Amino acid sequence: DCEMVETSAGQELARVSVIMCSGVSNENGGSNAADVVEEEKTVVVLDELVKPRRRILNYLTEYSGITPHMLKNVDTRIEHIQVHLLSLIDENDIIVGHSLENDLRALRLVHK
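Throughout what follows, the structure given in this document is the object of discussion. (Residues numbered from 1 in each chain as written. Predicted model: local features only at pLDDT ≥ 70, side-chain atom pairs only at ≥ 80, totals over all residues. Heavy atoms only, no water.)

In terms of helices and strands, the chain carries 4 helices and 4 strands. Out of the 112 residues in the chain, the part that is buried amounts to 25%. (Helix = DSSP H or I, 4+ residues; strand = E, 2+ residues; numbered from the N terminus. Buried < 20%, exposed > 50% of the residue type's maximum accessible area, 1.4 Å probe, protein only.)

Computed from the structure, the largest pocket encloses a volume of approximately 890 Å³. Around the largest pocket, the lining is made up of 29 residues, and of these Val18, Ile89, Ile94, Ile95 and Val96 lie nearest the centre. For the lining of the largest pocket, the element with the highest residue contribution is strand S2 (residues 10-27), accounting for 6 residues. Of the residues that constitute the lining of the largest pocket, the class distribution is 19 nonpolar, 4 polar and 6 charged. (1 Å grid on protein atoms, 1.4 Å probe; cavity = no way out; pocket = protein on both sides within 12 Å on 5 of 7 lines; lining within 4 Å. Points joined across faces, edges and corners; volume = space filled by probe spheres on them. Nonpolar A, V, L, I, M, F, W, Y, C, P; charged D, E, K, R; others polar.)

Here we come to the nonpolar core. Leu13, Val16, Ile81, Leu85 and Leu107 are the most contacted members of the largest nonpolar core, which has 14 residues in total. Among residues more than four places away in sequence, those in contact with leucine 107 are Cys2, Leu13, Val16, Ile78, Ile81, Gln82 and Leu85. Membership of the second largest hydrophobic core comes to 5 residues, among which are Val5, Ala14, Ile66 and Val74. (Core = buried A, V, L, I, M, F, W, Y, C linked by side-chain atoms within 4.5 Å. Contact = heavy atoms within 4.5 Å.)

Honestly, it's all geometry; don't read function into it.
Structure follows, in structure tokens:
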């Protein structure tokens, strides 16, 4: 998920969060499909604040949850996030998210 702030150039990335989900099947000894229990495991693999390059005009706090105080000492830039994401995700991974096309645009990434 990506959170944005309004800058002099439009909306820019201010926070990115990525979780990894994996389903695990546990069979309960029965022969019926109802006897298979799906457990979902989730792990936060990335949750970073990102310093926009341009001057922030509006933190959009009511939507983003981002405040001036949160970004005060942040040095991470979008390029750092891109490198990290590319080390986590490859072309064979399935990525899921709400309005994912907007998040990928904000991250300046393409996923096949």
